[in-house]
Amino acid sequence: MWLADGWKDYEVIDTSNGEKLERWGKYLLVRPDPQVLWDTPRKHKGWKNMNGHYHRSSKGGGEWEFFDLPKQWTINYKSLTFNLQPFSFKHTGVFPEQAANWDWFSNKIRNAGRPIKVLNLFAYTGGATLSAAAAGASVTHVDASKGMVTWAKENAKSSGLSEAPIRYIVDDCVKFVEREIRRGNTYDAIIMDPPSYGRGPKGEIWKIEEAIYPFVQLCSKVLSDNPLFFLINSYTTGLQPAVLAYMMGTELVPRYGGVVNADEIGLPVTSNGLTLPCGASGRWESK
């Protein structure tokens, strides 16, 4: 498993009965997590002294209950600063487990010895975008949500990356890649974090099981002649690491060589030293 164990401003303190107790800076949140199938004793005092608790509804969705929590605050990861804000469907604006991938591709960019153009698709609030830019890449950041792109720009400003070569695009990711193919634009690296289900800005429907492999094939057409890496993240149960590896192995290796690795990503749990699984990633990289 690839662990995101480099955080100082974030930690999973404990997990029990479908929920996790987390520290985001100096604030404690309790949020649901479908991976937490165990019901262990809640001995940590944070379970009773939380600043926010997301209650899942039996009808789907849920709502926040706040106890002395600001509307917005920041945490840092190395040189990056992220603005946090609890919003609908339990999220805060950062997926901390992705730091395992940020570190991996940042090292590849720094050691490439050449300018690297990165395409970040389903780019959310910009964690991967800022990591790549801080490592020296020029980045095209694409997300269908105008609000998420605005948030990413705020994170860039907070991280001192306002002048970094980042191009922000509000668009359906599939349609954007199709246009880039027609324009003849290419990229040295692709990052994608596709949702299980989603809608584009004009109502385009995305179902990951049906769409992911054709989309990988499409994206391979905007890779440069000498690509550096290709990263796919998945939070969908059916897309296990071996599935991601197989897709990348059939589409990228015959064309570009290189190697494919895939694994779960996870976060260390402070209270017991165990690891909380948080999804899967597939990585293709040039040799």
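Above this text is the structure in question.
We now turn to the structure provided with this report. The model shown is predicted, which means the values in this text are computed figures rather than measured ones. (Residues numbered from 1 in each chain as written. Predicted model: local features only at pLDDT ≥ 70, side-chain atom pairs only at ≥ 80, totals over all residues. Heavy atoms only, no water.)

## With respect to the sheet that holds strand 10 (residues 138-143)
Taking strand neighbours across the sheet as the criterion, the eight strands line up as 1-16-17-15-12-9-10-11 in an open arrangement whose pairing is mixed. Strand pairing shows two members of the sheet lacking a second neighbour, strand 1 (2-3) and strand 11 (166-170), which therefore form its edges. Here five bridges tie strand 10 to strand 11, and the two strands are oriented parallel to one another. Each residue of the ladder has a partner; that of Val139, found in strand 11, is Ile166. (Pairing = 2+ DSSP bridges. Helix = DSSP H or I, 4+ residues; strand = E, 2+ residues; numbered from the N terminus.)

## Quick word on the pattern of salt bridges
This model, assessed by the stated rule, comprises twelve salt bridges. Glu180 is the partner of Arg167 in a salt bridge, and the nearest nitrogen-oxygen pair spans 3.4 Å. In this pair, Arg167 is assigned in strand 11 and Glu180 in helix 4 (residues 173-183), connecting sequence segments 13 residues apart. In this structure, the salt-bridge partner of Arg255 is Glu251, at a minimum N-O distance of 3.1 Å. A residue is classified by how much of its surface remains accessible, and Arg255, at 45% relative accessible area, is partly exposed. (Salt bridge = Lys/Arg side-chain N within 4 Å of Asp/Glu carboxyl O. Buried < 20%, exposed > 50% of the residue type's maximum accessible area, 1.4 Å probe, protein only.)

## A word on the state of the cysteines
Scanning all chains against the criterion turns up zero disulfides. Of the cysteine sulfurs around Cys173, a residue in no disulfide, the closest is that of Cys219, at 8.3 Å. With relative accessibility at 3%, the residue Cys173 sits in the buried group. (Disulfide = S-S within 2.5 Å.)

## Quick look at the environment of Lys287
With respect to the helices and strands, the residue Lys287 is situated in the segment after strand 17 (275-285). Residue class for Lys287 comes out exposed when judged on its relative accessible area of 83%. Note: C-alpha distance between Lys287 and Pro214 (73 residues apart in sequence) is 25 Å. Not counting residues within four places of it along the chain, the set of residues in contact with Lys287 comprises Gly258 and Val259. (Contact = heavy atoms within 4.5 Å.)

## Structural notes on the packing of aromatic side chains
By convention here, two paired aromatic rings are described through the distance between centres and the angle between planes. Evaluated as defined, the whole model comprises 16 aromatic pairs. Relative to Phe215, the ring of Phe122 lies with its centre 5.8 Å away and its plane at 75°, an arrangement referred to as edge-to-face. Within this pair, whereas Phe122 is found in the loop between strand 9 (117-121) and helix 2 (127-134), its partner Phe215 is found in helix 5 (residues 208-219), the two being separated by 93 residues in sequence. The residues Phe122 and Phe215 share a single accessibility class, namely buried. One aromatic cluster is present, formed by Trp7, Tyr10, Trp24, Tyr77, Phe82 and Trp102 through successive ring pairs. Taking the ring centre of Trp47 as reference, the NZ or CZ of Arg42 above it sits at 4.0 Å. Across the ring face of Trp2, the terminal group of Arg283 is positioned such that the distance to the ring centre comes to 3.6 Å. (Phe/Tyr/Trp six-rings, centres within 6.5 Å; stacked < 30°, edge-to-face > 60°. Lys NZ or Arg CZ within 6 Å of the ring centre and 35° of its normal.)

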